[in-house]
There are 2 protein chains.
Amino acid sequence: MSREGRDLEVLARLLGGRGLEGPGDDAALLRGPGDLLLTMDPLVEGVHYEPGTAVARIAHKLLHRNLSDLAAMEARPKAILASFVFGSGWTDGERDELYEELARECERVGTRWIGGDLASTKGTTVLTLCALGSPAARAPILRSGLAPGMNLHVSGPLGGSLASGRHLDFEAKLALGARLAEHHGPAAMMDLSDGLALDLGRMLRASGGLGARLTEARIPLNHDVKTVDAALHDGEDYELLFALNPSQEVQLSEDPEVPEAAKIIIGEVVAEPGILLLGDQGERIVVSETGFEHELS
Amino acid sequence: MSREGRDLEVLARLLGGRGLEGPGDDAALLRGPGDLLLTMDPLVEGVHYEPGTAVARIAHKLLHRNLSDLAAMEARPKAILASFVFGSGWTDGERDELYEELARECERVGTRWIGGDLASTKGTTVLTLCALGSPAARAPILRSGLAPGMNLHVSGPLGGSLASGRHLDFEAKLALGARLAEHHGPAAMMDLSDGLALDLGRMLRASGGLGARLTEARIPLNHDVKTVDAALHDGEDYELLFALNPSQEVQLSEDPEVPEAAKIIIGEVVAEPGILLLGDQGERIVVSETGFEHELS
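This one's a predicted model, so the numbers in the text were calculated from it and none came from an experiment. (Residues numbered from 1 in each chain as written. Chains lettered and ligands numbered in written order. Predicted model: local features only at pLDDT ≥ 70, side-chain atom pairs only at ≥ 80, totals over all residues.)

**Q** Lay out the overall build of chain A with the relevant residues and their values.
**A** Secondary structure summary: chain A contains nine helices and twelve strands in total. Here the C-alpha atoms of chain A give a radius of gyration of 19 Å, agreeing with the 19 Å that 2.2 N^0.38 yields for 297 residues. Principal-axis analysis of the C-alpha atoms gives chain A an extent of 55 × 45 × 40 Å. The 297 residues of chain A split such that 52% are buried. For chain A, long-range pairs separated by at least 24 residues make up 84% of all intrachain contacts whose partners lie at least 6 apart in sequence. (Helix = DSSP H or I, 4+ residues; strand = E, 2+ residues; numbered from the N terminus. Rg over C-alpha atoms; globule rule 2.2 N^0.38 Å. Buried ≥ 20, exposed ≤ 12 C-beta atoms within 10 Å, placed from the backbone. Contact = placed C-beta atoms within 7 Å.)

This is the structure we're talking about:
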């Protein structure tokens, strides 16, 4: 198990047992007169982006990485706070560009940058965002809603995100998350940040230790990706993974607002733990639940 | 001007003009069915704590540094999110201790740790918290409420915080902030993180470019501090700075819940910009508005 995986189990014991009102899903719920969903993710230089990356792409990824967690919980973005710890490489002009790009992108997606903090270090740049969203009228769709017999879908093609640079330019699937939640009632949903294998494994465990059978030929791949392994393990796709009851498939397939890739049934949930890939020649391959874990890079 | 000072002016132009609903005060206001005050501050290794600092003290400072911003806005802490980017020096046991200490201290002060993120880096450790609080029934007390003739107070002795290690052990003045707000109606309030000179300068500018006359003999000093310069410029005191109309002084002086140091009038607000220190021999010293700016360390 990875270091983060171990630590998340420690934290679940320490803070958990309260479902959404604690760690474990894409965003945390804060109950109040107006419920809020909150998420907080950093971009670390050398981990989530390489030194020399264009500032506009850094700003874009920082925002959409956080909004993607809100999309997975069908939350409408409401505000962000930013804590920027700048390493020594940043010029005044580059910092201004980061602020301007982030402010502009916030405006474009309809959220507001309301506060935060600035600091400097001789060490690594760490840019952290906290994003707050208003939950949809219905209860948020969690990772833990899977049951045997449900169909699995992903919102778009997977794989090759890091090699291609797509990990810097993706758009959080806010509209699709809301559309799915409002019209198709997924039983479970999350965003794919660490690869289908690792993230589906998390969803299966959160749902009580279930398993999945994936059909290799149905997993949508990006045009520059050669093998299904990339879709399973590359990570940083930021597509949505969701599950439907079979009775809901017709309605999904007829919805013009849902992209074609998201209508493909890539597999099904089964009672037996573990993820099996059903190959083109009928072979059954056990999928290792590993993916892109940031600590490894 | 410091790099952060310059950047904050850029951000004020970019995001500002909305008073509290934007950057500039100790916490940002998010309006909604239940208003929230939000703050987000990091602890950076080598900047806010030295490598080798006891983990429990790191956890304590991380939480109270954020709660201090809520104290300055009379907000009752409601929840925190944490984004931890660990450098390579952290053992499993040390990370567990950080989680446990932070969870324990959250419970002690009556707040909950509801979510966040974990990551690893070969670079510097950056531990970031976002703290959310419920504002008091009345409108939050801002930095911008000063007017000429008002008296200035600080909540406790200043100076020597870094040299003594007090910067790791202070308690956010949550109870006092609420007491002052509820019973004494300060016209302006903020927490002192960067030294009285720099932070008072910020408060005077936020109030339209006013000035202050401080009485050297009345500025409360920590026992291990020799000169008023330490109180003015060391920073990291995390005491509250507040202003009262003279008519409110009797009530403050008679409140047993307010510590004696906080009842001392250390100076007054004047129309002419700049901070003057009135020395023991009647001399008038222009105070440089510099303090502990983290980028310098």
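Resuming the write-up.
**Q** Please provide a residue-by-residue account of the relation of the copies chain B and chain A, values included.
**A** For the pair chain B and chain A, the best superposition has an RMSD of 0.0 Å and corresponds to a rotation of 180 degrees with a translation of 0.0 Å parallel to the axis. Both copies are brought into coincidence by an operation consistent with a two-fold rotation axis. A high fraction, 100%, of the interface residues of chain B reappear at the interface in chain A, so the copies pair face to face through one surface. (Least-squares fit on C-alpha atoms with pLDDT ≥ 70 in both.)

**Q** Report on the sheet that holds strand β5 (residues 126-135) of chain A, specifying residues and quantitative values.
**A** All names here are of chain A. An order of β1-β2-β5-β3-β4 is seen for the five strands of this open sheet, with the pairing classed as mixed. Two strands lie at the open edges of the sheet, namely β1 (28-30) and β4 (112-120), each paired on one side alone. In this sheet, adjacent strand axes meet at a mean angle of 20 degrees when their direction is disregarded. When strand β2 (residues 36-44) meets β5, the two strands line up antiparallel, connected through eight bridges. Residue pairing in the sheet places Asp41 in a bridge with Leu129 of β5. (Pairing = 2+ DSSP bridges. Axes fitted to C-alpha atoms, helices over the stretch in contact; angles between N-to-C directions.)

**Q** Go over helix α5 (residues 174-183) of chain A with me, naming the residues and quoting the values.
**A** Structurally, the α-helix is built with 3.6 residues per turn, so residues lying three or four positions apart point the same way. Residue and element names in this part refer to chain A. Taken residue by residue, α5 has Leu174, Leu176, Gly177, Leu180 and Ala181 as its buried positions. Tucked inside the fold, the buried residues of α5 contact α2 (55-72), β3 (75-86), α3 (92-109), β7 (188-191) and β9 (240-244). Downstream of α5 by a residue or two, Gly185 has a phi angle that is positive, lying close to 45 degrees.

**Q** So, the domain arrangement of chain A: which residues are in play, and what are the values?
**A** Residue and element names in this part refer to chain A. Annotation of chain A at the domain level lists domain 1 (3-135) and domain 2 (143-296). Measuring from the centre of the C-alpha atoms in domain 1 to the corresponding centre in domain 2 gives 23 Å. The interface is formed by 22 residues belonging to domain 1 together with 21 residues belonging to domain 2. Contributions of two or more residues to the side of domain 1 that touches domain 2 are made by α1 (3-15) and α2. If you tally residues by element for the side of domain 1 that touches domain 2, the top one is α2, at ten residues. (Domains from an automatic or database assignment.)

**Q** Let's hear about the sheet that holds strand β10 (residues 267-270) of chain B: which residues, and what values?
**A** Strand pairing in a sheet relies on backbone hydrogen bonds, with the paired strands running either antiparallel or parallel. Residues and elements named next belong to chain B. As summarised here, the arrangement of the seven strands in space is β7-β9-β6-β10-β8-β11-β12, forming an open sheet in which the pairing is mixed. Only two strands of the sheet have a single partner each, and these edge strands are β7 (188-191) and β12 (284-287). For this sheet, the mean angle separating the axes of adjacent strands, direction not counted, is 25 degrees. Relative to β12, strand β11 (residues 274-278) is paired through four bridges, and the arrangement is antiparallel. Looking at the pairing, Leu276 lines up with Val286 of β12. Along the sheet, helix α2 (residues 55-72) makes contact with β7 and β9 (240-244), crossing β7 at roughly 175 degrees. Packed onto the sheet, helix α6 (residues 196-206) meets β6 (151-154), β7, β8 (211-215), β9, β11 and β12 and runs at close to 45 degrees relative to β9.

**Q** Explain helix α3 (residues 92-109) of chain B to me, and be specific about the residues and the numbers.
**A** Taking 1.5 Å per residue, 18 residues should reach 26 Å; α3 of chain B reaches 26 Å between its end C-alpha atoms and fits that length. Considered for burial, the residues of α3 of chain B that qualify are Arg95, Leu98, Tyr99, Leu102 and Cys106 of chain B. Axial view of α3 of chain B: buried residues confined to an arc of 95 degrees, hence all on one face. Along α3 of chain B, exposed side chains directed more than 90 degrees from the buried face belong to Gly93, Glu107 and Arg108 of chain B. On its buried face, α3 of chain B is in contact with α1 of chain A together with α2, β3 (75-86) and β4 (112-120) of chain B. Just beyond α3 of chain B, the residue with positive phi is Gly110 of chain B, at close to 85 degrees. (Expected span 1.5 Å × (residues − 1). Arc of directions from axis to C-beta.)

**Q** Can you explain the pairing of β5 of chain A? Please cite residues and give values.
**A** All names here are of chain A. With nine of ten residues buried, β5 lies mostly within the body of the structure. Direction of pairing for β3 relative to β5: antiparallel, over a ladder of ten bridges. Counterpart to Ser83 in the pairing with β5 is Thr128.

**Q** Talk me through the interface of chain B and chain A; I want residue IDs and the actual numbers.
**A** Counting from both sides, the interface comprises 54 residues of chain B and, opposite them, 54 residues of chain A. Among the secondary structure elements, those contributing two or more residues to the side of chain B that touches chain A are α1 (3-15), β1 (28-30), β2 (36-44), β3, α3, β4 and β5 (126-135) of chain B. Of the residues forming the side of chain B that touches chain A, the biggest block, nine residues, is contributed by α1 of chain B. Of the residues in the side of chain B that touches chain A, the class split is 27 nonpolar, 14 polar and 13 charged. (Nonpolar A, V, L, I, M, F, W, Y, C, P; charged D, E, K, R; others polar.)

**Q** Break down the nonpolar core for me, citing the residues and quoting the values.
**A** Residues Leu38, Cys130 and Leu241 of chain A together with Leu38, Cys130 and Leu241 of chain B are the most contacted members of the largest nonpolar core, which totals 171 residues. What Leu241 of chain A contacts, discounting residues up to four positions off in sequence, is Val154, Met189, Met190, Leu192, Leu196, Asp199, Leu200 and Met203 of chain A. (Core = buried A, V, L, I, M, F, W, Y, C linked by C-beta atoms within 7 Å.)

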